[in-house]
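Listed below, chain by chain, are the residues.
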Amino acid sequence: NRISVISEHLNGIAMNDTAAPVKTQKEELADFVEIFPILTNEILKELPSMDIPQKNIEWIEKMININVAGGKMNRGLTVLTSLQYLIEGRPLSRAEVFKANVLGWCVEWLQAYFLVADDIMDQSITRRGQPCWYRQKNPISNSGSTVGSIAINDAFILESCIYILIKKYFRNDSYYADILDFFHEVSYQTQLGQLLDLTTQPNRGDFSQFTLDTYRRIVKYKTAYYSFYLPVALAMLMAGINSTPAFTTALDILLPMGEYFQIQDDYLDCFGNPATIGKIGRDIEENKCCWLICQAILNGTPVQIDTLKKHYGVDNPKDVEIVKKIYNEIDIRGIFKKYEDESHAILVNKIKSVKIMPQEVFFKLLEKIYKRKL
Ligand code: GPP
Ligand code: MG
Ligand code: MG
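For the structure given in this document, a descriptive report is provided here. This one's a predicted model, so the numbers in the text were calculated from it and none came from an experiment. (Residues numbered from 1 in each chain as written. Chains lettered and ligands numbered in written order. Predicted model: local features only at pLDDT ≥ 70, side-chain atom pairs only at ≥ 80, totals over all residues. Heavy atoms only, no water.)

## Quick look at the site of ligand 1
Point 1. Surrounding ligand 1, one finds 15 residues, the nearest of these being Asp-118, Asp-122, Arg-127, Lys-222 and Lys-279.
Point 2. In the environment of ligand 1, an oxygen atom lies 2.9 Å from a nitrogen or oxygen atom belonging to the side chain of Asp-118.
Point 3. Contact distances for ligand 1 include 2.6 Å between an oxygen atom and a side-chain N or O atom of Lys-222.
Point 4. Protein chains shield 91% of the accessible area of ligand 1, which is 510 Å² for the free molecule.
Point 5. Of all elements in the fold, only helix 5 (94–121), helix 7 (176–199), helix 8 (212–238) and helix 9 (244–271) reach the threshold of two or more residues within the shell around ligand 1.
Point 6. When residues in the shell around ligand 1 are grouped by element, the largest group, five residues, is from helix 5.
Point 7. Classifying every residue of the shell around ligand 1 gives five nonpolar, four polar and six charged. (Near = heavy atom within 4 Å. Polar contact = N/O pair within 3.5 Å; in protein donor to acceptor, adjacent residues only side chain to side chain. Areas by Shrake-Rupley, 256 points an atom, 1.4 Å probe, with all protein chains shown as cover. Helix = DSSP H or I, 4+ residues; strand = E, 2+ residues; numbered from the N terminus. Nonpolar A, V, L, I, M, F, W, Y, C, P; charged D, E, K, R; others polar.)

Here it is, written out as structure tokens:
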């Protein structure tokens, strides 16, 4: 079939060490997107020989297509972009471009695994403009049931795919074990972040843990490691960097950058356009320790905070409206704008002081997220 022809073709390229042509950003995106069906096929093609019935293979295919593809792909593209800046003075080979993109897709697979599970835990409605996977129609049932709790197992399958792909393409590389370690460690850090995210608000109306320190700890673990540090660290491994100070420098910049990104996410959860961000915010309903409520507690009057305690964390549009009204009263948009500018300036200064590796790695990432609307 067509995919296996392309697959053989690309595997040929991957083995071939000729220099990759210089490409525009659009062409790089097209290259990245092009390998997705090939990687999916790598996973699916093993299943018949494992005696997995065709209807289950189709389930996995659909589940991968819906959950892994269709995001912004920023994290996935970051591996190649970073590698290009890290390898100075010579063009990347076709094999390097291909392998960086494989690792990029592994980060996207990791994210898919997290989001499928997170949407169940957060009782979210939509993701990337369609119903969350657990709310979609069960593809093999005709009784009108949903995927439901099978989505928990699908999240596990998505996780397993990462290791199938890494083994397939990196087994013979000296840094194979390091890649595995990074995925394992970052998964654990993100799981810890998810635990913090879900347990910081055991009782509605209790704001005692809603502080910026608590908030920062949550988002460092639940977002920053996997979204910012992981893709750059993978590129660093591919570039042959193994000095601890280089990884420490990367962490020192990418964790605060991840915090900045999550604060934007929190702002968009409340004020973003669902048609643009592809999801309907539920932070207020879910009683989340998000940046907005922490700021409201810091900036509100005792009366406003008292009102928030009564209405925050209630799954009812009237209560949500009251919370948003107080956000507006304290000019949360102004507070956010000021934060966004200050935090951008701090990151720029931090990046300017980097000597151990090319600053462009970090500037490029920052540029992508500054003042984002989705
Ligand atoms: C999404 O955060 C959460 C994660 C990416 C981590 C999930 C980790 C697991 C181990 C399941 P969010 O709920 O704040 O974001 P969104 O608004 O996109 O749902
Ligand atoms: Mg969540
Ligand atoms: Mg969520």
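## A look at the packing of aromatic side chains
The geometry of an aromatic ring pair comes down to the distance between the two centres and the angle between the two planes.
Point 1. Following the criterion strictly, the structure yields 22 aromatic pairs and no others.
Point 2. Taking the centre distance of 5.1 Å and the plane angle of 75 degrees together, the rings of Phe-114 and Tyr-226 count as edge-to-face. Residue Phe-114 is located in helix 5, and its partner Tyr-226 is located in helix 8; the two are separated by 112 residues in the primary sequence. Tyr-226 matches Phe-114 in its accessibility class, with the two residues each being buried.
Point 3. A connected cluster of aromatic rings, assembled from ring pairs, spans Tyr-260, Tyr-267, Phe-271, Trp-291, Phe-336 and Tyr-339.
Point 4. A cation sits over an aromatic face here: Lys-168 above Tyr-169, 5.7 Å from the ring centre.
Point 5. Sitting above the plane of the Phe-261 ring, Arg-372 keeps its charged end 3.8 Å from the centroid. (Phe/Tyr/Trp six-rings, centres within 6.5 Å; stacked < 30°, edge-to-face > 60°. Buried < 20%, exposed > 50% of the residue type's maximum accessible area, 1.4 Å probe, protein only. Lys NZ or Arg CZ within 6 Å of the ring centre and 35° of its normal.)

## Quick look at the coordination of the magnesium ion (ligand 2)
The reference angle at a metal is 109.5 degrees if four donors form a tetrahedron and 90 or 180 degrees if six donors form an octahedron.
Point 1. Within the protein, the atoms that donate to the magnesium ion (ligand 2) are Asp-118 (OD) and Asp-122 (OD), at distances of 2.1 to 2.2 Å.
Point 2. A separation of 3.1 Å is found between the magnesium ion (ligand 2) and the magnesium ion (ligand 3), which share Asp-118 as a coordinating residue. In terms of burial, Asp-118 and Asp-122 fall into one category: buried. (Donors = N, O, S within 2.8 Å, 3.2 Å for Na, K, Ca; no water.)

## Some thoughts on the pattern of salt bridges
A side chain of one charge can pair with a side chain of the opposite charge when the charged atoms of the two come close.
Point 1. If you walk through the whole model with that rule in mind, you get 22 salt bridges.
Point 2. The salt bridge involving Glu-286 is made with Arg-282; its shortest N-O contact spans 2.9 Å. For the residue pair Glu-286 and Arg-282, the accessibility class agrees, reading buried in each case.
Point 3. For Lys-338, the salt bridge is made with Glu-342, and the minimal N-O distance between the two is 3.4 Å. In this pair, Lys-338 and Glu-342 both sit in helix 14 (residues 332–352), four residues apart, roughly one turn of the helix.
Point 4. Judged by relative accessible area, Lys-338 falls into the exposed class, the value being 55%.
Point 5. Given the relative accessible area of 42%, Glu-342 is considered partly exposed. (Salt bridge = Lys/Arg side-chain N within 4 Å of Asp/Glu carboxyl O.)

## Section: the coordination of the magnesium ion (ligand 3)
Point 1. Within the protein, the atoms that donate to the magnesium ion (ligand 3) are Asp-118 (OD) and Asp-122 (OD), at distances of 2.0 to 2.1 Å.
Point 2. Taking the relative accessible area as the measure of exposure, Asp-118 reaches 14% and is therefore buried.

## Digging into the packing of helix 2 (residues 25–44) against helix 5
Point 1. Orientation of helix 2 relative to helix 5, taken along the N-to-C sense of each, is 70 degrees, at an axis distance of 10 Å. With respect to their mutual orientation, helix 2 and helix 5 come out roughly perpendicular. Within the contact between the two elements, helix 2 uses Asp-31, Phe-32, Val-33, Ile-35, Phe-36, Leu-39, Thr-40 and Ile-43 and helix 5 uses Phe-98, Asn-101, Val-102, Gly-104, Trp-105, Glu-108 and Trp-109.
Point 2. Per-class residue counts for the contact of helix 2 with helix 5 are ten nonpolar, three polar and two charged. (Axes fitted to C-alpha atoms, helices over the stretch in contact; angles between N-to-C directions. Parallel < 35°, antiparallel > 145°, perpendicular 65-115°, else oblique. Contact = heavy atoms within 4.5 Å.)

## As for helix 9
Point 1. For helix 9, built from 28 residues, the straight-helix expectation of 40 Å at 1.5 Å per residue is met to within 8% by its first-to-last C-alpha distance of 40 Å.
Point 2. In terms of residue burial, helix 9 counts as a mostly covered element, since 21 of its 28 residues are buried. (Expected span 1.5 Å × (residues − 1).)

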